[in-house]
Amino acid sequence: MTKKNSNNDPLDLFPIPNDAIYINSKKNLDPRDKIISALKKYLKDKNLDLPLGPKLDLNNPQRSIILNKFDIQIVYTSLISDVIQIPLKNSKIKNKGPQLFLAAQLEEDLDVIYFKGVLKSTEFEKIVSKKELKKDSVGIEIENFKGGIERLIRYVRLLNPESIERTYFNTAISNFKIPSLKIKFNLSTPLIAGGLMAALIGPQIIRPRLIGGIAKLSPSTYEIQSFTRSSDSNSICLLTPTLAKNINNNFEAKIKIDKPVIYSLKPLNEINISKNGNIVWEKIASSKEKINGPINWPLNSINKKDSYRLSLRPEGSGMGSKLEIDFVFDKNIPLLNKDNIEKSLGKSKSDWISFIKRNLDKDNNTALTILLSERAPSSQRIKKSIKEIIKTDNCK
Amino acid sequence: MFLEYLNLLSKGYCNIYCLDSFSGKVKQKLLDIDSDFCSKHNLYDQEFDNKFDNKIFDLAKKDHSSEDALLALRGRISFPIFQKVNEIFKKYTYQFENEKINLNDMLIIVLDDSGEKYLRIPLKIEAKKNNFVRKLFSWETLMIMKENNILRPFSAEVIADFNPKLSNLNTWSQNKVKGNYELKKYLKECGILLISPWSLIADSSKKRIIISWREYGEGHLSDKDLEKLYESYLVEYKKAKQDYKNRTGKISGWSPDEDFLKSLNPPQKNTEILLLIDKALRKYISSPYDTRNFYEYEENQIENKLEDEEEYSSKDLSEIIKNVLRRNSTNIVNQIIKKDSTKWIKDPSRKNAWILYGEGLSQREIASKCDHKQGWVSKLIPENKISEEIAQESAFELLKKSEFNKFKEDPESLDKLLDGLKSYLVFSEDKNNISILRNTIYEVISK
């Protein structure tokens, strides 16, 4: 069993999101009524005159709400929950399923409501297809709901109500069947959108030159003093992290992310990581298995209070012939959280690419950590970029 | 340092920590406990001890019309209450860069027992105009208050619900602080959620329970046993909470009793395992807060959804979009600035922050110049929200034009359009490297 930071004090409190809506509700109002009150409050604050119904039955928990002619199922859970239960009753009836699912997180006794985001019927179907369906409801990770209440307003205010299909699935079948979109375009609208944006902003911004950026990365070669007769010219060709020498003439790497990737472009005989002077992880090459390729951080998140040393021994070198690198951190800036970044990037290829590209110049270790992450989405551009890294093998 | 200071404070049964209403500071007050009672039980020299806590607790119940043992208990629990509030204050002012939170405001809520021997309690609970009666603060009185749901001060609530079989008094008191409704309400206004262990377990999925236990669990509990315990907890918790709500009319403040713990699978003798599950959950959930998410402009890097390979040469459309964006930016920024300017006399740093943002400074730089935390800046100037509002308003206008009609039919394209507009506002820069949004803000304020 892996145990993390067991000495750290756990949190007693959690931040309420900045966008949470605070209402003053009457006693005994049920959660759904509170959510509708919060929605009304938002619409009023934003001066949005969108019809909300069904007028005579708005507070009926069995029914979806109708906002500007869109059928929306309100689903809710508490502020700290990670999963939301979605009743499927309406979705099992043809032409009655919702077009959108609006997720609200609320603290019932405090009258705080936070709209986490929206799922379209198609998005819902994709997620549910991977789930084991219970009889009347399905549990979905709250992180799937994106965009806050703004995304809901985006859709209901700007789209035609027919543009989003209703959710529908046949009972007794565990996966959803959603009819294909009624509206087909001759010209792909996403292309128009992209084109317009290109015209507006210019290609220099919209074309993330990820591969170009990768190609510019250059590894550094470090000669390792050998203690064996046979191998006197061993070297390590390190792409990341980038090293500098400190005043004591030792190598150090400035680390900005809590789970940095390590990438030597030449094979290694041994790699180990020490924490506070003790080796906490190591890998030794065998005749069958070489140490090649990127090494995603094999330990728990780096704690800046601890000291870390990375030790690399190149292929063909004997014991003691190693490159030792101390990790250093910026005292004033906390480390980036890799897991959180990945969670925020979600499955959007463009977001991943954009993030990587923008960080290449600033801190290539952060950029490469995300690029080489096991969680990176399957994308041609990402694959090409990874290939490009191998091409940059201009180690001398 | 601060916690070290707390450790140096005397921890006895003859003193009570309470707020001095004149100085606004916490003081230690000697309790008026009968000297014979003190001598008999060696109270003056007795340090905190679980066994002794239970002994005094039993005494308070046994001598139900006497106040001395109960008074000693009230003094005893004032320290963990004080300690817990301090911990919360210190940790969260640092952790969440929260500037609103005030230690005294929190202490007033839960450290409201000044060790008086007598209490004034309402004569008729439901009467519109209450007449009060003066009662000795004894176990007897405590039970009357409990029956009528008028447990006040907070120490009365802590002691009345305490069951030594389930937990020690220290942990119990601190968990009661976490479940206090008034404190929750106060912290809500500061943008912070205080959550009791019992709600946290119930609000977590099976997956989160298991993962957090694997990573941070401190006891010996297999996945299978944990799963069983959690599933039974969920079922029983729902029932117990509903029952509590029916009895008290409250949602907050419930804590497990012996019957509840027995009903779990496997039955629990005390709250120990549940509290370890809670601890593991808190560590698991708080791990993202230990390291930061994004700094300065990094948050925008994720929002930049622009990606395309196609060329498009419609300069006219581009001009239309730019004009619409410009007009809507000015209108919306005007409204936002007008609304915020009502607070500038009271807090001039708000205006300064907007100006500095308009000049192109990063959140961190603005925070430093305005002598605030970075969280204050991001809350004051929610760049993403403002750009979304402008983009939506502009799209609303653009979609009325025939060239843009198709966007109304396809949510994905609409998303692309809006994200593109937002990126244009936030990323496109003029010759001085200032974005359109920042420039608009600067112009509006400079008028």
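Remember, predicted model here, so these are calculated numbers, not experimental data.

Trainee: With reference to specific residues and values, describe helix α21 (residues 411–427) of chain B.
Mentor: With 17 residues, α21 of chain B ought to run about 24 Å at 1.5 Å a step, and its terminal C-alpha atoms sit 23 Å apart, in line with that. The element α21 of chain B is extensively covered by neighbouring structure, given that 15 of its 17 residues are classed as buried.

Trainee: Pulling in residues and values, what's your account of the packing of helix α5 (residues 103–110) of chain B against helix α9 (residues 181–189) of chain B?
Mentor: Residue and element names in this part refer to chain B. Interhelical geometry of α5 versus α9 gives an angle of 160° and a closest axis separation of 9 Å. For the element pair α5 / α9, the angle class is roughly antiparallel. Where α5 crosses over α9, the handedness of that crossing is right-handed. For the pair α5 and α9, contact is made by D105, M106, I109 and V110 and by E182, L183 and Y186, respectively. The class makeup of the residues in the contact of α5 with α9 is five nonpolar, no polar and two charged.

Trainee: With reference to specific residues and values, describe the packing of helix α20 (residues 383–398) of chain B against α21 of chain B.
Mentor: Residues and elements named next belong to chain B. Relative to each other, α20 and α21 sit at 125°, their axes nearing to 9 Å. Relative to α21, α20 is oriented oblique. In this structure, α20 crosses over α21, and the sense of that crossing is right-handed. On α21, the residues touching E383, S387, E388, I390, A391, Q392, S394 and A395 of α20 are L417, L418, L421, K422, L425 and V426. Tallied by class, the residues present in the contact of α20 with α21 amount to eight nonpolar, three polar and three charged.

Trainee: Tell me about the sheet that holds strand β15 (residues 262–264) of chain A, and please be specific about residues and values.
Mentor: Residue and element names in this part refer to chain A. Across the sheet, which stays open at both edges, the four strands sit in the order β11-β12-β15-β18 with antiparallel pairing between neighbours. On the outer flanks of this sheet lie β11 (220–223) and β18 (294–295), each paired with one strand and no other. In this structure, β15 lies alongside β18, joined through two bridges in antiparallel fashion. For Y263, the partnering residue across the bridge sits in β18 and is P294.

Trainee: Got a sec to walk through the sheet that holds strand β19 (residues 308–314) of chain A? Specific residues and values, please.
Mentor: Residue and element names in this part refer to chain A. A sheet is described by the order of its strands in space; here six strands give the open sequence β13-β14-β20-β19-β16-β17, paired in mixed fashion. Looking at strand neighbours, the two that pair on one side only are β13 (243–245) and β17 (278–284), the edges of this open sheet. Between one strand and the next, the sheet's axes are offset by a mean angle of 30°, whatever the strand orientation. Here β13 pairs with strand β14 (residues 251–254) via three bridges, running antiparallel. Among the inter-strand pairings, L243 is bridged to a residue of β14, identified as A253.

Reading guide: rules and limits
Position labels on residues start from 1 in each chain and follow its written sequence. Each chain gets a letter, beginning with A, and each ligand a number, beginning with 1, in the order they are written. Local features in this predicted model are restricted to residues of pLDDT 70 or higher, and side-chain atom pairs are both shown and tallied only at a pLDDT of 80 or more, whereas totals for entire chains, interfaces and linings draw on every residue. Strands are runs of DSSP state E lasting at least 2 residues, helices are runs of H or I lasting at least 4, and numbering of each runs from the N terminus. A helix is expected to span 1.5 Å for every residue after the first. The burial label depends on the number of other C-beta atoms within 10 Å of a residue's C-beta. Counts of 20 or more mean buried, 12 or fewer mean exposed, and intermediate counts mean partly exposed, with C-beta atoms placed from the backbone. In this analysis, axes come from line fits to C-alpha atoms, helices being fitted only over the stretch in contact, and the angle between any two N-to-C directions falls in the range 0 to 180 degrees. Each angle gets one of four labels, with under 35 degrees taken as roughly parallel, over 145 as roughly antiparallel, 65 to 115 as roughly perpendicular, and the rest as oblique. By the definition used in this description, the sense in which the near helix is turned from the far one sets the handedness, with an anticlockwise turn below a right angle giving left-handed and a clockwise turn giving right-handed. Contact between two residues is assigned whenever their backbone-derived C-beta positions fall within 7 Å. Amino acids outside the nonpolar list (Ala, Val, Leu, Ile, Met, Phe, Trp, Tyr, Cys, Pro) and the charged list (Asp, Glu, Lys, Arg) are all regarded as polar, and Gly is one of them. The rule for pairing is simple: two strands pair if DSSP sees at least two bridges between them.

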